Amino acid sequence: MSVKFARVTQPLQYYWKQYPALAWVMPLLWLLAIAAVTLVWHVSSIGLIDETEPLFVEASRQMVVTGDWVTPYVNGEPRFDKPPLIYWLMVFAFQSFGVNEFAARLPSILAAVAIALFCFYILQRYEEAEGRRQKAESERTDSLLTPLQSGNKLHFSPSYLAALLAATMLILNPNTFFWGRTGYADMLLNACIGSSLLAFFLGYAQPDRPLRQKRWYFAFYVLMALAVLTKGPIGLLLPGLIIGCFLLYVGNGRAVLREMQLLRGGLVVLIIALPWYVLVTLANGDAFIDSFFGYHNVERFTQVVNSHAGPWYFHILVIVVGFLPWSAYLPAAIAHIKPLQRRYWQRQPRWQQLGLFALFWFLAILGFFTIATTKYFSYTLPLMPAAAILVALLWTDYVRRPQTRKQAGFIISGVLNLLLLAIAAFVLIESPRWLGSDPWMPNLGLRLQQADLPFLGGVIWGTTAIAAIGLLLWRSRWLWITNLLGYLAFLILVVHPLVLIADVERQLPLRQLAQVAVQTKQPTEELVMLGFQKPSLVFYTRQHVTYLTQPTEVINYLQTQPGDRTGALVVAGEKPLRRSGLQPQQYQEISRAGVYRLVRVAGQR
């Protein structure tokens, strides 16, 4: 098998040596192609997803309308949940491409691509350093051999295997698919924190090149400041925690901290991040401080916020599902680092400590958010680059060293892989039974079943599992390709059609009623929504919406309208409308779509 593998790779290595640019161009074309399929395809065909995405997008649109780039507003109320960087980037996108879904999601798309390419770059540099080290060792060995023996030695050339694997895994997983194509701040935070940590390591790993080291440390501080402008203190806390634990373990903290020039770096962070915090505090006072720092930072860590509770293992489950189909190899990847061999790691050159650094990155974020009381799916997104690096280093070893595929870790990981594939196939086939439980899209399960998507998804993952069984029994270095091909087939044939159907069922009815409301609303009428708040209605109508979470409030609200108001257009589901106390003769139905109705209610004075 190794001979056949060499026959395949040797021509590629020859052409890469003859045309070095191909070694960059071909992987980049591949990464851009899978990024386009994952992040760009159909992204503008999907409406904003209630309930959080429209809040980000509408706050950005309001900045365009009002010109106020300091205080974000949604529906006439200040929104202090997040700092402004994501809003500013959306505004730039709106100015370039218009106010639409694609522009709103462009910052997330670019952030996902950027962190994947940065991972590719650092692992390419790591493999070049590893190649130089192995070549030096080989040359030292050659000097002790006879000329004939020396002529038979293998000399090492740089490889892009680990870099390509890590970047591919970082793009092709459910977390990147969701957060990378929606208008949230989370993928931007992932890119800022991840890039800051990679910039730190690039500086840390090059003490013999002081000028280059200073530049990377400067980039580390700039990117960390951008993380603070994306989500607040967590952008400073997480990198500090990760780097502190790593340096404490390695034992060279004092020397590295001197290299980092903390005072100058802290000044860089303050110059970039502090002005907005000062301006927004001056504009809003205690309201900003209490909401942003108190509620959205301290209370999220110490209390359950917005009913986002979960067991202690919540984030482990999120990683298992969110990093599919690669998460089965994370336990072996962690064991592969041998974190208990501290003296070994302390003796290693700094470049060789990339895997150890990724391990601390992964564990520190997982541990931090496991301790936090509020649990949410996106919190552990910033550890995904570390997970991709760990698994890529493991699989690089599996591919290049046949003896590692005979070890228990390879077999156990392969079995876990098969188990996850089988579970995925089973869940997909059974999914129509429970997908109808969402009151906003009760027919989703039926629609998916009519399109045969659950069955097709089950067939894809079942076929992938069968192929993986054969390759696992063969101890093949190509086992990872089954996951790659299976995920790509699932993404193209199942996920993209599924998302389009879900949008038609869940979000399209609101967009349709928003359009009707804009066309029929009189100047003296208000726009009201009963029951659960759907902020996409504000974005698509470009008007203020009064949300009444208790349907019974609507009569009292109409009775207390100002004298210049003649009633309201009301958007409501069937149940909230029945519970409102309004009789059928008191309102006129204008339109209905999905589970929603748009009705006109006259004033109740």
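Right, let's walk through the structure included here. Owing to the predicted nature of the structure, the values given are computational and were not obtained by experimental measurement.

Regarding the packing of helix α9 (residues 186-204) against helix α10 (residues 210-231)
Running from amino to carboxyl end, α9 crosses α10 at an angle of 160°, the nearest separation of the two axes being 8 Å. Relative to α10, the element α9 is oriented roughly antiparallel. Classified by chirality, the crossing of α10 by α9 is left-handed. Two secondary-structure elements touch here, α9 through D186, L188, L189, C192, I193, S195, S196, A199, F200, L202, G203 and Y204 and α10 through Q213, W216, Y217, A219, F220, L223, M224, L226, A227, T230 and K231. Its residues placed into classes, the contact of α9 with α10 shows 16 nonpolar, 5 polar and 2 charged.

Topic: the side chain of T168
Structurally, T168 is set in helix α7 (residues 161-171). Within polar-contact distance, the side chain of T168 engages the backbone oxygen of L164 at 2.7 Å. Not counting the four nearest positions on each side in its chain, T168 is found in contact with W30, L31, I34 and L484.

Structural notes on helix α18 (residues 354-371)
The end-to-end C-alpha distance of α18, which contains 18 residues, comes to 26 Å, matching closely the 26 Å that a straight helix rising 1.5 Å per residue would cover. Of all the 18 residues making up α18, 14 are buried; the element is thus mostly covered by neighbouring parts of the structure.

Thoughts on the pattern of salt bridges
For the structure on display, the rule yields 17 salt bridges. Notably, a salt bridge pairs E589 with R592, separated by 2.9 Å at the nearest N-O pair. A salt bridge links R597 to E589, with the nearest nitrogen and oxygen atoms 2.5 Å apart. Taking the relative accessible area as the measure of exposure, R597 reaches 13% and is therefore buried.

A look at the packing of aromatic side chains
Scanning the entire structure with this criterion turns up 48 aromatic pairs. With 5.8 Å between their ring centres and 45° between their planes, F201 and Y204 make a pair best called tilted. A residue pair is termed a helical-turn pair when its members lie 3 or 4 positions apart in one helix, as F201 and Y204 do in helix α9 at 3 residues. Taking the relative accessible area as the measure of exposure, Y204 reaches 0% and is therefore buried. Judged by centre distance (5.0 Å) and plane angle (90°), the rings of F368 and F369 are edge-to-face. Using a relative accessible area of 15% as the deciding quantity, one classes F368 as buried. Site record: aromatic cluster; members linked through ring pairs are F200, F201, Y204, Y217, F220, Y221, F246, Y249, W351, F357, F360 and W361. The lysine or arginine in question, R542, covers the ring of F539, its NZ or CZ lying 4.5 Å from the ring centre.

Calculation notes
Residues numbered from 1 in each chain as written. Predicted model: local features only at pLDDT ≥ 70, side-chain atom pairs only at ≥ 80, totals over all residues. Heavy atoms only, no water. Axes fitted to C-alpha atoms, helices over the stretch in contact; angles between N-to-C directions. Helix = DSSP H or I, 4+ residues; strand = E, 2+ residues; numbered from the N terminus. Parallel < 35°, antiparallel > 145°, perpendicular 65-115°, else oblique. Left-handed = near helix turned anticlockwise from the far one by under 90°. Contact = heavy atoms within 4.5 Å. Nonpolar A, V, L, I, M, F, W, Y, C, P; charged D, E, K, R; others polar. Polar contact = N/O pair within 3.5 Å; in protein donor to acceptor, adjacent residues only side chain to side chain. Expected span 1.5 Å × (residues − 1). Buried < 20%, exposed > 50% of the residue type's maximum accessible area, 1.4 Å probe, protein only. Salt bridge = Lys/Arg side-chain N within 4 Å of Asp/Glu carboxyl O. Phe/Tyr/Trp six-rings, centres within 6.5 Å; stacked < 30°, edge-to-face > 60°. Lys NZ or Arg CZ within 6 Å of the ring centre and 35° of its normal.

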